Each structure stands twice: as structure tokens, then as C-alpha cells.
Amino acid sequence: MVRSTRHVAENIRANADSVKQALDAANEALGGSQSLLGDTLREFRHVVDAMRGQGERLDDVDTKLGQAFETYRSNVQAWVDSLDDHVRRVQGELTPALDTMREITERQEEFRPASRGR
């Protein structure tokens, strides 16, 4: 009976050692996970900190792009207006000349001899 009690005690001790080892391994794994999680959170904070001010920079870029587009639109509008003025001026200058040429052509037709076939 002493032997069996001793054997049971040894088995209990072995089981207790196994449980302790399992708990130590679990604790180490959890500690590693916590450390990894902490590292990840620090990196995430770093990324979030790097994002600070991005909104203002994007707003600044947006403002500059808006101003550039307005300048472009204004320049194109001025060019179109200038082209329109040029076309009207050219038409104004050429219309009398074309009218004169038409008039000369019509008068020339009046003085053309009739065809001999009549």
C-alpha cells in the first residue's frame, strides 16, 4: 500500500509538472502574443501619427488645383473671346470685298456676248 500510495503521489507530481509546463508554455505564448500585439499597436500608432496633417495638405493641394483650373478656364475663355473677335473682324473686313467681287462678276455677266447658237 505504501508503494501504491507512493506511485499515486509520483503520478500526481508528474501530472502537476506536466500541467505546470503546459501553463508555462501557454503563459509564454500569451506573453509573446501580447508583445506582438503591443508591437503591432505601436506601429499602427506610428502610421496614424504619420497621417496627421494629411487632411490639411490635401485641402491645400485641392485649393491649388482649383486655382490652377480656374486660371486655365480663364485663359481658354480669353482665347475663345479673342478668336471670336478676330473672326468677326475678318468677316467685317472681307464682306465688303466679297460684295464688290460679286457685283463685278454680275456686271461682267451683263456684258458677256450672247452665244452664237441663237
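Below you will find a few notes about this structure.

1. Description of the overall build of the protein chain
If you tally the helices and strands in the protein chain, you get two helices and zero strands. The C-alpha radius of gyration computed for the protein chain amounts to 49 Å, which surpasses the reference 13 Å derived for 118 residues by more than 25%, pointing to a less compact arrangement than a globule. Looking at the 118 residues of the protein chain, the share that counts as buried comes to 1%. Roughly 11300 Å² of accessible area belongs to the protein chain as shown, and the carbon and sulfur atoms make up 58% of that amount. Positive and negative side-chain charges in the protein chain, numbering 17 and 21 respectively, have mean positions lying 6 Å apart.

2. Considerations on the environment of Asn11
Structurally, Asn11 is set in helix H1 (residues 2-51). A residue is classified by how much of its surface remains accessible, and Asn11, at 38% relative accessible area, is partly exposed. Through-space distance from the C-alpha of Asn11 to that of Asp59 is 72 Å; in sequence the pair is 48 residues apart.

3. Quick notes on helix H2 (residues 54-111)
With 58 residues, H2 ought to run about 86 Å at 1.5 Å a step, and its terminal C-alpha atoms sit 83 Å apart, in line with that. A maximum bend of about 30° is found in H2 at Leu94, where proline Pro96 lies one to four positions downstream.

4. Some remarks on the environment of Leu94
In this fold, Leu94 is placed in helix H2. Residue classification places Leu94 among the partly exposed residues on the basis of a relative accessible area of 47%. The spacing of Leu94 and Met51 is 43 residues in sequence and 64 Å in space, taken between C-alpha atoms.

5. Examining the pattern of salt bridges
All told, the structure shown has seven salt bridges when counted by the stated rule. Put simply, Asp39 and Arg42 hold a salt bridge, and the shortest N to O gap is 2.2 Å. Here the residue Asp39 and the residue Arg42 both occupy positions in helix H1, the gap between them amounting to three residues, near one helical turn. A relative accessible area of 37% places Asp39 in the partly exposed class. With its nearest N and O atoms 2.6 Å apart, the salt bridge here joins Arg73 to Glu70. Of this pair, Arg73 and Glu70 are both found in helix H2, three residues apart, which corresponds to roughly one turn of the helix.

6. Notes on a nonpolar patch on the surface
Nonpolar side chains collect at one region of the surface, where Phe69, Tyr72, Val76, Trp79, Val80, Leu83 and Val87 lie side by side and expose about 710 Å² of accessible area between them. Within the secondary structure, Tyr72 is located in helix H2. Classification of Tyr72 as exposed rests on a relative accessible area of 56%.

What counts, and where the lines are drawn
Residues numbered from 1 in each chain as written. Predicted model: local features only at pLDDT ≥ 70, side-chain atom pairs only at ≥ 80, totals over all residues. Heavy atoms only, no water. Helix = DSSP H or I, 4+ residues; strand = E, 2+ residues; numbered from the N terminus. Rg over C-alpha atoms; globule rule 2.2 N^0.38 Å. Buried < 20%, exposed > 50% of the residue type's maximum accessible area, 1.4 Å probe, protein only. Areas by Shrake-Rupley, 256 points an atom, 1.4 Å probe, with all protein chains shown as cover. Lys, Arg positive; Asp, Glu negative; His and termini not counted. Charge placed at Lys NZ, Arg CZ, Asp CG, Glu CD. Expected span 1.5 Å × (residues − 1). Bend = angle between axes of the 7 residues up to and from the residue. Salt bridge = Lys/Arg side-chain N within 4 Å of Asp/Glu carboxyl O. Patch = residues over 30% accessible without salt bridge, like charges linked within 9 Å, V, L, I, M, F, W, Y side chains within 5 Å.

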